[in-house]
Each structure stands twice: as C-alpha cells, then as structure tokens.
Amino acid sequence: MLGFSAAIAVFGASVTACVGVIGDADDGTGEAESLVLAAPALPRLTAEQYRNTLFDLFGPSMPKAPLEDDTKPFLFYNIGASSTTLSEFGVQQYEESADAITRYAFADPARRAALVGCEPAAPGDACVEGFLRRFGRRVLRRPLTSDELGRWVTVSQTLADPSAWEGLRLAVSGLLQSPFFLYRVEVGVADEASPGRRKLTGYEMATRLAFLLWNQAPDDALLDAAEKGELDEPEGVAVAAERLLDDPKARAAMQTFFRQYLDLGRIDGIQRDPAAYPYFTPTIADAMRREVELLVDDVVFESRGDARSIFSTRKTFVNADLAALYGVDAPGATPSTFVPVELPADGPRAGLLTLGAFLTMNAHETRTSPTARGKYVRERVLCLEVPAPPPGVDTTLDPPMGDPKTVREQMEAHRNNPACAACHQFMDPPGFLFEHFDSSGYYRTVFEGDLPIDSSGDLDGKPLANARELAAVLETEPRVGRCMVQQLYRHAQGRVETKGERLALEDLASRFESASFDFRTLLIELVTHDAFRHIGEEESP
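If you're wondering where the values come from, they're calculated on a predicted model, not measured in any experiment.

Undergrad: Quick question: what am I supposed to make of the packing of aromatic side chains here?
TA: Centre-to-centre distance and the angle between the planes together describe a pair of aromatic rings. Applying the stated criterion to the full structure yields 16 aromatic pairs. For the ring pair F76 and F257, a centre distance of 5.7 Å and an interplane angle of 10° mean the geometry is stacked. Linking F76 in the loop between helix 1 (47–58) and helix 2 (77–83) with F257 in helix 12 (residues 248–261), this pair joins segments that are 181 residues apart in sequence. Of the residues examined, F76 reaches a relative accessible area of 0% and is grouped as buried. Between F257 and F258 the ring centres are 5.0 Å apart and the planes differ by 70°, which places this aromatic pair in the edge-to-face class. With respect to burial, F257 and F258 carry one shared label: buried. Linked through ring pairs, F76, F257, F258, Y261 and F519 together constitute an aromatic cluster. Above the face of the W214 ring, K249 is positioned so that its terminal group lies 4.5 Å from the ring centre.

Structure representation (structure tokens):
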C-alpha cells in the first residue's frame, strides 16, 4: 500500500507482520521523489452510474433490467469496475436493458416526441440526424465524430422497418451498448509542458467531474463548458465543481462514497433475536444506516465541520427506535422521523464508532467481535492493512467450557496461538474498547448476567479505557484525515494509488489540513489537482 511519506509508529516487533502503513517507509534509495502518474484505468460504469445516467435521459420510470453485479475490491465499486472483465452474459444484459429502455421510450408517442423533439418525416432525415447528434453527445460524453454520426444515421435508415421511429429506436439502442458509453474512455492528449503525462481533454474532465461529484454522466451545461475550453485550466474546473456540489445530486454521490468507505452495505439484512435483544426492532437496521447518512450529510454539507469529527462528535440523528436503544431523550422523534440530538458528555457514546451501525455490523449474531471491530478501526479509519488469516487457520472460538467466560477471555486462545497472535494483537486491543456494547449496539454493564466487562484496550500502545476515549484520540489523530484523502483518491481514480502518486496524496492531505478538514474543500482541491487532471503515459507492452 502506498501513500504518505511518514510511516506509522511500529508499536511492537511481534506484530510487524500485521502492521500495514498509510505510506510505506522511505525505501532508502535517497532519490528525490517526483509525481509520476499512473496510466488510465478506463473503468466501466458501475450499475448505479449506468442507471443514474439513463434516469437523466429517459426519466425515473424507465425499465430497470438486471445488470452484472459490481464488485468492490479495496472497498470501492469504481475499482471493481476498472479491474474486472465483463462476462458474455453481462454483455447480453446490457443489450436487453437497452432494448427494454428504448421500447419504453419509443412506444408512447408523447414520450418519444418529448425525447426526440421533432417528428421524423423519413428515415435518416434532418430530425433524425439532429437528434442523434444531440443525444449522441450526451451518451458518449463528447460530440460524435462525423463518421460516427454518419454511421448511426445509416443504422437508423437501414433498420427503419416499419417506420423511421423504429430505425431511430434501434440506433439509440445501439448507442446505449457502445463501449464509449459503457466505459469511461479518458486517455488525454500529450502535454508538452509535462513530458510523461497526458492532459485530460475538456470533455474527459467533464466526465471525471460528473462521475465523481454526481455519480452520473455530465449534463449539457458541463459539456458546454468543456466545448468552450472552460475545463482546460484549474480555475474553470473549480467553478464547474462548485456548481455540481451545489446540486442535490452531489449529496447523493457523496453518500455513495461514504457508504462504501464506511462499509454500510453490510448492515443490510442484519437480524437479532428479539428475545435476547429487545431494542433491536425489525426496522432498526435501516434506521442505523440512515443515522450515519444524516451524520455524514451534516458534516460534509450542512455544518461543513471537521470531517474527522464523524468519529468523535457527540451530535447524531435518531428516530424513536434509536433513541430507545441509546437511552436518550429525543423530542419529536418517531419511527420515521429523525431528530438531531446531543449525546451526553458523560455518556459512553461519541462518534460513529459508538453508533448502532458500526457496533452491529461488526458483531456476530449472538456475541460481540472485538476482532471485527478492531479490524474496522485499523482498515477503515486509519487505512492500515490487515492481512487475511493464514490458510487453514480456524478463526472460530471454541465454546466456553466450565465457568462462563467473557468474550475477552474466550479470545485469549487466539492471542496465545503463534499463528494468530500477531494480527490479533494488532486488531483486538482497539476492538476491546467497544465491549460495553453488545451485538445490537446496546450499552451493557455486565456480561451474561453478572460477569464484569473489561473494556480497556489500546491504540498503538496508548492505553485507553473505552470507546469514548478512543473517540477523543481520533478527534486529532493525523492518520484519520490522511486516510480520508487516500480513500477519496482511490474512489475518484478507480484504482489503488501508485508509489509515484505519493506526493499527490501528501499534498492533498496538507491542503485538507489547511482547510480545517472541510470535506467540500478537499473535493475542490482534488478535482483541480494535477493528479486528477492528468494521467500517465500508457506503458509499452
């Protein structure tokens, strides 16, 4: 894993094998670093990007045919879209989707008239050509070349049976299956001022901006800005980005980023036995996810506070179910209405890591998992790498024998096993800090009736008493801000950063800090940065 120049503190030789780093330590070559950008990733549209784009073109009532499932290596669907190959069945699904959408759009005379804007008098006439010129620009995210336009007009003429409308429908269906629509082809042009780099064209910048900030293809205004050359320089990019960020689509796009970064998808379908966890209502998992979404929206867009505060703030948003789970007063809260609340200063909760979503999705159905909770802190919050268990290692806990044992006591077997010790000593100490919260997120003072709970642990050797003390540490922990930069960079680029991009990450982290960790400012800094506006040369085979 590559990133920042400062390596994290290594807190014990015994855990070396399990210590990931935000940035690898200096390789000792003594060579001066320079920004060396990676070759383009050319990602396929994720399913959400594909549908968002088509909703914009055809309306939200269009048919939603199934597509091949996205994958998210390194947390993000954008990376999966850059690193996986579409199957033959996936290609067929795109064909079926395009056919269903165009039949929907062209079957109704009023709907097709609204889409096309004119009535074809004959196959391939001026109405058809004009529409294909306009529509093709939106679909391919750039103007069609004269050859492309001529080819699609010919398609509409050749297939105009029984009418010009059918030929036009089939041409549109073909455009929706074009690789220039399904893939983000951002290859840039040679940049004489920066040998070894290629500068993205205005239309490619429009595409990058829109898919990052709206999670869909650019609108006409952004394509117009590209046509005028307004996206060729950072100042114009910043103006365009501000417009996009003022649109509600940006909030949805940032929720998509944080949902993957924070792994909120894992909360779907979580259940608990109501007899053992009476506060875990049938709808509370959805409420837990919504709580995090509201917290992110407040920090990023409403208050524009320190983005790191999502891991330490006492402010949150609860409905009636969550208020009962947390034991807080929440006037006005109902099962469907969320209200802002300030968690008690002397209470056990502060920050996202003490909220129901994190505590529940990082626990087993009937007991907590300090390992899963600690692993989340290491990987998601601090961007440290935790290797998978060695092959053949049994990761399950043996059933307790004899006297009842706490989870901490049961885990001693893992920590004493040499094959498991290194990683468990890396993950478990921060995970133990959450032991006062059961697997539904409810605060408890004893375990199984009368066993006292020990929630002490540490973070890299710093002793801590509980999760609230961890939140206080994370409030100013430098790695939290750097980790956010790294995760956003990966999401934006659709790939893992390279060693040559170390300087870019360091620079963005510095700018993020200078902006008091305002996430919106970080987005502007990212999209105007050389590392976003340029790509590396494709390596020779």
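Undergrad: Honestly, a nonpolar patch on the surface in this entry has me stumped. Any pointers?
TA: A surface patch of nonpolar side chains, about 280 Å² in accessible area, is lined by L42, F180, V185 and V187. Secondary-structure assignment places L42 in the segment before helix 1.

Undergrad: Sorry if this is basic, but what is going on with the side chain of T368 here?
TA: Structurally, the position occupied by T368 is in the loop between helix 15 (356–361) and helix 16 (370–381). Given a relative accessible area of 1%, T368 falls into the buried group. Of note is the side chain of T368, whose polar atom sits 2.6 Å from the side chain of E435. With near-sequence residues (within four places) excluded, T368 lies in contact with A363, R373, V407, E435, F437, D438, S439 and R444.

Undergrad: I would appreciate a short explanation of empty space enclosed by the protein in the present structure.
TA: Over the atoms rolls a probe the size of a water molecule, and its path tells where empty space is left. What the rule picks out here adds up to one cavity of 30 Å³ or more. Considered as a void within the structure, the largest cavity measures approximately 70 Å³ in volume. Lining the largest cavity, in full, are P40, A41, L42, P43, N78, R184, E186, R208, H491, A492, Q493 and G494. Here the lining of the largest cavity gets three residues from one element, more than from any other, and that element is helix 21 (residues 478–493). Residue composition of the lining of the largest cavity, grouped by class: five nonpolar, four polar and three charged.

Rules behind the numbers
- Residues numbered from 1 in each chain as written.
- Predicted model: local features only at pLDDT ≥ 70, side-chain atom pairs only at ≥ 80, totals over all residues.
- Heavy atoms only, no water.
- Phe/Tyr/Trp six-rings, centres within 6.5 Å; stacked < 30°, edge-to-face > 60°.
- Helix = DSSP H or I, 4+ residues; strand = E, 2+ residues; numbered from the N terminus.
- Buried < 20%, exposed > 50% of the residue type's maximum accessible area, 1.4 Å probe, protein only.
- Lys NZ or Arg CZ within 6 Å of the ring centre and 35° of its normal.
- Patch = residues over 30% accessible without salt bridge, like charges linked within 9 Å, V, L, I, M, F, W, Y side chains within 5 Å.
- Areas by Shrake-Rupley, 256 points an atom, 1.4 Å probe, with all protein chains shown as cover.
- Salt bridge = Lys/Arg side-chain N within 4 Å of Asp/Glu carboxyl O.
- Polar contact = N/O pair within 3.5 Å; in protein donor to acceptor, adjacent residues only side chain to side chain.
- Contact = heavy atoms within 4.5 Å.
- 1 Å grid on protein atoms, 1.4 Å probe; cavity = no way out; pocket = protein on both sides within 12 Å on 5 of 7 lines; lining within 4 Å.
- Points joined across faces, edges and corners; volume = space filled by probe spheres on them.
- Nonpolar A, V, L, I, M, F, W, Y, C, P; charged D, E, K, R; others polar.

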